[in-house]
Amino acid sequence: MKTTRKKAFAAILIGLLLIGVIAAKDIWDAFVGSQSIELGYFESENGKTDTLTEEEIQSYIDNFNAQMDRYYARDNVCLPQYKDQNEFLLREAYKEDLDYCVDGGMLGIPIFWIVPHLDGKSVELHANYHFWRCWVEENENGEIEIVAPVCRESISATMVREDGQWKLQKTNNMHMEDCRKDEHNVKICNATYETFEDALAATKDLQPWKDINLFINLF
């Protein structure tokens, strides 16, 4: 077991030396970009797209597609699926359904390592990090609530060099663990709200960083 660990560490170290610090940062930034794209993202006063003009909806669709093209490889099977789903959400579903994205992103200190493939054009990225997202939604009982999961995610993904930029080719393995435990945050998410505006205001009191252990990603 110790020999295996030493070989794995040596492979990672050699990989970093071959890739270089700058390239490793570019790979990580591309991965973060791929994970930060939000399906059905838009901004409106009532949390739905029925108040948006056709031009505004198209602008959100174009922006989403541009992000997908930037961070997803052309042979990533999710690329066309996510584009179609995003357009359906903005043009149809979210005109009636309340499922409004408020915020989200990585928390704390992420840990990642990279193992290059022999082809010299792709790498295997392994990472541990905390991620949170926040939505205002209407549940099946017609009540307005806040959904704000905080998760510890462990992932391995294949990143490929395409058009001079690193992109996500595929996710090989992912494990998610719910980390939400702070009583203040749980209380906000367990409540129901009379209006979209009330719920949106309550999201500002969330403190997701209280749900994470800054050092847990090391293990």
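One can find the structure itself at the top, above this paragraph.
Residues numbered from 1 in each chain as written. Predicted model: local features only at pLDDT ≥ 70, side-chain atom pairs only at ≥ 80, totals over all residues. Heavy atoms only, no water.

Which parts of the structure should I look at to understand the overall build of the protein chain?
Regarding its fold elements, the protein chain presents six helices and six strands. Classification of the 219 residues of the protein chain by burial places 39% in the buried group. For the protein chain, contacts bridging at least 24 residues in sequence account for 68% of all contacts bridging at least 6. Carbon and sulfur atoms provide 53% of the accessible area of the protein chain, an area that totals close to 12,700 Å². (Helix = DSSP H or I, 4+ residues; strand = E, 2+ residues; numbered from the N terminus. Buried < 20%, exposed > 50% of the residue type's maximum accessible area, 1.4 Å probe, protein only. Contact = heavy atoms within 4.5 Å. Areas by Shrake-Rupley, 256 points an atom, 1.4 Å probe, with all protein chains shown as cover.)

So what exactly am I meant to see when it comes to the pattern of salt bridges here?
Pairing between side chains of opposite charge can happen when the charged atoms of each approach one another. The final tally for this structure, using the stated rule, is nine salt bridges. With its nearest N and O atoms 2.7 Å apart, the salt bridge here joins Glu-38 to Arg-133. With Glu-38 in the loop between helix 2 (21-35) and helix 3 (54-71) and Arg-133 in strand 2 (residues 122-138), this pair connects stretches of sequence that are 95 residues apart. With a relative accessible area of 15%, Glu-38 lands in the buried category. Measuring nitrogen to oxygen at the nearest pair gives 2.7 Å for the salt bridge that ties Lys-83 to Asp-69. Of this pair, Lys-83 sits in helix 4 (residues 78-96) while Asp-69 sits in helix 3, and the two are 14 residues apart along the sequence. On the basis of relative accessible area, Asp-69 is assigned to the partly exposed category, the value being 37%. Salt bridges sharing partners connect three or more residues here, namely Arg-74, Glu-162, Asp-163 and Lys-167. (Salt bridge = Lys/Arg side-chain N within 4 Å of Asp/Glu carboxyl O.)

Sorry, what's going on with the pairing of strand 2 here?
Regular strands have side chains that alternate between both faces of the sheet. Counting buried residues along strand 2, 13 of its 17 residues qualify, which places the element largely inside the surrounding structure. In the sheet, strand 1 (residues 99-116) pairs with strand 2 via 14 bridges, with the strands oriented antiparallel. Residue pairing in the sheet places Asp-103 in a bridge with Cys-134 of strand 2. The pairing of strand 2 with strand 3 (residues 144-147) spans four bridges and is classified as antiparallel. (Pairing = 2+ DSSP bridges.)

What exactly am I supposed to notice about the packing of aromatic side chains here?
What describes a pair of aromatic rings is the distance from one ring centre to the other and the angle between the planes of the rings. This structure, assessed with the given rule, holds ten aromatic pairs. Ring centres 4.5 Å apart and planes at 5 degrees place the aromatic pair Trp-28 and Phe-112 in the stacked group. Highlighted residues: Trp-28 in helix 2 and Phe-112 in strand 1, separated in sequence by 84 residues. Seen in terms of ring centroids, Trp-28 and Tyr-129 are 6.4 Å apart; in terms of plane orientation they differ by 70 degrees. Their pairing is edge-to-face. With a gap of 101 residues between them, Trp-28 in helix 2 and Tyr-129 in strand 2 connect regions that are remote in the sequence. The same class applies to Trp-28 as to Tyr-129, namely buried. (Phe/Tyr/Trp six-rings, centres within 6.5 Å; stacked < 30°, edge-to-face > 60°.)

So far we have only geometry, and geometry alone does not tell us how the molecule works.
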